[in-house]
Amino acid sequence: MNIKTGHPSASTHRTLLLSALLIAVCVTCTAQASASAEATAALKRMTDYLAGLPAYSLETQNTLEVVLTSGQKLQFDSATSFSAKRPDKFRANRYGDLVKQEFYYDGKQLTLVNPESSHYAVVKAPATIDKALDFATESLDIIAPASDLLHQDAFQRLMAETTEGFVVGQSIIEGHECDHLAFRGANVDWQLWMRTGDEPIPCKYVITTTDMEGMPQFSVTVRDFKASPALDDALFRYTPPKGATKIDFMNTESKGAGQ
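Residues numbered from 1 in each chain as written. Predicted model: local features only at pLDDT ≥ 70, side-chain atom pairs only at ≥ 80, totals over all residues. Heavy atoms only, no water.

Participant: In this structure, what is going on with the side chain of Arg-91? I would like to understand it.
Facilitator: With respect to the helices, strands and loops of the structure, Arg-91 is situated in strand E3 (residues 89–96). One polar contact links Arg-91 to Tyr-104, side chain to side chain, over a distance of 3.2 Å. At 2.8 Å, the side chain of Arg-91 and the backbone oxygen of Leu-235 are in polar contact. Those residues within four positions of Arg-91 in sequence are excluded, and the remaining contacts are Ser-81, Phe-82, Ser-83, Phe-103, Tyr-104, Leu-235 and Phe-236. (Helix = DSSP H or I, 4+ residues; strand = E, 2+ residues; numbered from the N terminus. Polar contact = N/O pair within 3.5 Å; in protein donor to acceptor, adjacent residues only side chain to side chain. Contact = heavy atoms within 4.5 Å.)

Next up, the structure:
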């Protein structure tokens with residue numbers, strides 16, 4: 001009887017390598033499925049926490065990428081302060097390279113102010129924060145800062161077109177330990193960092209538009225988050241200073257207003 005000894009044949013190497021790859025793929029798929037459920041649960045915990053706060057305020061530092069026709073990318077920065085008092089009041093100030101705006105919503109009307117020119121516009125608005133934000137987007141072509149996270153049903157809105165998600169790991173954002181989540185949709189990839197512990201506050205939010213040339217990003221870093229601050233109703237009403245000029249919104253539509 002002849003017994004062959006020595007190194008495995010080339011075919012044996014290929015078989016072993018293929019088996020190892022299949023095992024690795026199976027392990028990766030299982031881990032990905034588990035992580036996806038974990039990421040979804042973490043996001044739900046954060047959005048439920050925000051929706052349950054009667055009031056909150058925060059500061060953000062934002063960076064918007066613009067891709068030129070040459071392919072070169074430019075970044076433009078802005079800062080935002082935001083305060084909300086549920087169910088029917090919010091205030092946002094946005095100052096940056098491209099835009100300077102102030103938003104006031106008092107449950108009855110929405111006011112947009114250009115502080116540099118002292119022009120302002122007022123329109124009757126629906127009676128809740130959620131409906132007022134939708135009205136501003138759909139009828140006025142205005143997107144309020146951080147609006148993705150402000151709705152009572154933020155989880156459903158964020159996950160509506162999301163197809164994948166997983167937990168990347170942990171990071172330190174603005175001195176706070178955060179869980180890093182990553183999600184993917186048809187045309188948008190987005191990442192969210194949320195504070196660990198009993199207060200799952202959003203720490204950072206990054207959106208990558210994957211169906212645009214150069215895949216530009218928009219990032220928001222949250223600073224100075226305050227849960228349930230005391231906010232006076234006067235904060236949400238705009239009182240025009242002497243010399244201010246009232247103008248009309250260009251895209252005002254009657255549908256949705258006041259509902």
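Participant: Looking at this structure, how should I read the nonpolar core?
Facilitator: The nonpolar side chains of a soluble globular protein tend to be buried, and buried together. Core analysis: the largest hydrophobic core is formed by 44 residues, its most contacted members being Leu-43, Tyr-56, Phe-82, Phe-90, Leu-110, Trp-190 and Phe-225. The residues touching Leu-110, leaving out its near neighbours within four places in the chain, are Phe-90, Tyr-104, Tyr-105, Ala-121, Val-122, Val-123, Ala-125, Ala-136, Leu-140 and Phe-249. (Core = buried A, V, L, I, M, F, W, Y, C linked by side-chain atoms within 4.5 Å. Buried < 20%, exposed > 50% of the residue type's maximum accessible area, 1.4 Å probe, protein only.)

Participant: How do you make sense of the pattern of salt bridges when you look at a structure like this?
Facilitator: A side chain of one charge can pair with a side chain of the opposite charge if their charged atoms are brought near each other. Scanning the model with the defined rule gives 10 salt bridges in all. Across the pair Lys-44 and Asp-48 runs a salt bridge whose closest N-O atoms are separated by 2.8 Å. Here the residue Lys-44 and the residue Asp-48 both occupy positions in helix H1 (residues 10–52), the gap between them amounting to 4 residues, near one helical turn. Residue class for Lys-44 comes out partly exposed when judged on its relative accessible area of 30%. (Salt bridge = Lys/Arg side-chain N within 4 Å of Asp/Glu carboxyl O.)

Participant: Which parts of the structure should I look at to understand the sheet that holds strand E11 (residues 217–227)?
Facilitator: Backbone-to-backbone hydrogen bonds pair the strands of a sheet. The strands run either parallel or antiparallel. Taken in spatial order, the 12 strands make up an open sheet running E7-E8-E9-E10-E11-E1-E2-E3-E4-E5-E6-E12, and their pairing is mixed. Strand pairing shows two members of the sheet lacking a second neighbour, strand E7 (162–173) and strand E12 (245–247), which therefore form its edges. Averaged over neighbouring strand pairs, the angle between their axes works out to 20 degrees when direction is ignored. The pairing of strand E1 (residues 55–67) with strand E2 (residues 73–85) spans 13 bridges and is classified as antiparallel. Residue Val-67 lies in a different strand from E2, and its bridge partner there is Lys-73. (Pairing = 2+ DSSP bridges. Axes fitted to C-alpha atoms, helices over the stretch in contact; angles between N-to-C directions.)

Participant: So what exactly am I meant to see when it comes to unusual backbone geometry here?
Facilitator: Backbone geometry follows two general trends: most residues other than glycine have a negative phi, and most peptide bonds adopt the trans configuration. Look at the link from Arg-86 to Pro-87: it is a cis peptide, with omega at 10 degrees. Structurally, Pro-87 is set in the loop between E2 and E3. If you check the backbone angles, Ser-228 has positive phi at about 55 degrees while not being a glycine. Among the secondary structure elements, Ser-228 is positioned in the loop between E11 and E12. For Ser-228, a relative accessible area of 42% puts it in the partly exposed group.

Participant: Explain the side chain of Thr-221 to me, please; I cannot follow it from the model alone.
Facilitator: Looking at the element boundaries, Thr-221 is found in strand E11. Those residues in contact with Thr-221 that sit more than four places away from it in its chain are Glu-59, Thr-60, Gln-61, Ile-173, Glu-174, Cys-203 and Lys-204.

Participant: What is the right way to read the pairing of strand E6 (residues 119–124) from this model?
Facilitator: Taken residue by residue, a regular strand's side chains alternate between the two faces of the sheet. Bridge count for strand E5 (residues 109–114) against E6 is 6 bridges, and the pairing is antiparallel. Bridge assignment links Leu-112 to a residue of E6, and that residue is Ala-121. Taking the residues between adjacent antiparallel strands as the criterion, E5 and E6 are bridged by 4 residues, where Ser-118 takes a positive phi near 60 degrees. The pairing of E6 with E12 spans 3 bridges and is parallel. By the bridge assignment for E12, His-119 is matched with Thr-245.

Participant: How should a nonpolar patch on the surface be read in this particular structure?
Facilitator: On the surface, Leu-64, Leu-98 and Phe-218 cluster together to form a nonpolar patch covering roughly 260 Å² of accessible area. Of note, Leu-98 is situated in the loop between E3 and strand E4 (100–105). (Patch = residues over 30% accessible without salt bridge, like charges linked within 9 Å, V, L, I, M, F, W, Y side chains within 5 Å. Areas by Shrake-Rupley, 256 points an atom, 1.4 Å probe, with all protein chains shown as cover.)

Participant: How should I be thinking about the packing of aromatic side chains in this particular structure?
Facilitator: Here the distance between the centres and the angle between the planes together describe a pair of aromatic rings. Counted by the stated rule, this structure contains 8 aromatic pairs. Look at Tyr-56 and Phe-225: their rings are 5.5 Å apart centre to centre, the planes differ by 15 degrees, and that puts the pair in the stacked class. With Tyr-56 in strand E1 and Phe-225 in strand E11, this residue pair connects regions lying 169 residues apart in the sequence. Residue Tyr-56 shares its accessibility class with Phe-225, and that shared class is buried. Their ring planes at 55 degrees and their centres at 5.2 Å tell us that Tyr-120 and Tyr-238 sit as a pair that is tilted. One end of the pair, Tyr-120, is in strand E6; the other, Tyr-238, is in the loop between E11 and E12, with 118 residues separating them in the sequence. Residue Tyr-120 is classed as buried on the basis of its relative accessible area of 11%. In this structure an aromatic cluster arises from ring pairing among Tyr-56, Phe-82, Phe-90, Tyr-105 and Phe-225. Sitting above the plane of the Phe-155 ring, Lys-44 keeps its charged end 5.9 Å from the centroid. (Phe/Tyr/Trp six-rings, centres within 6.5 Å; stacked < 30°, edge-to-face > 60°. Lys NZ or Arg CZ within 6 Å of the ring centre and 35° of its normal.)

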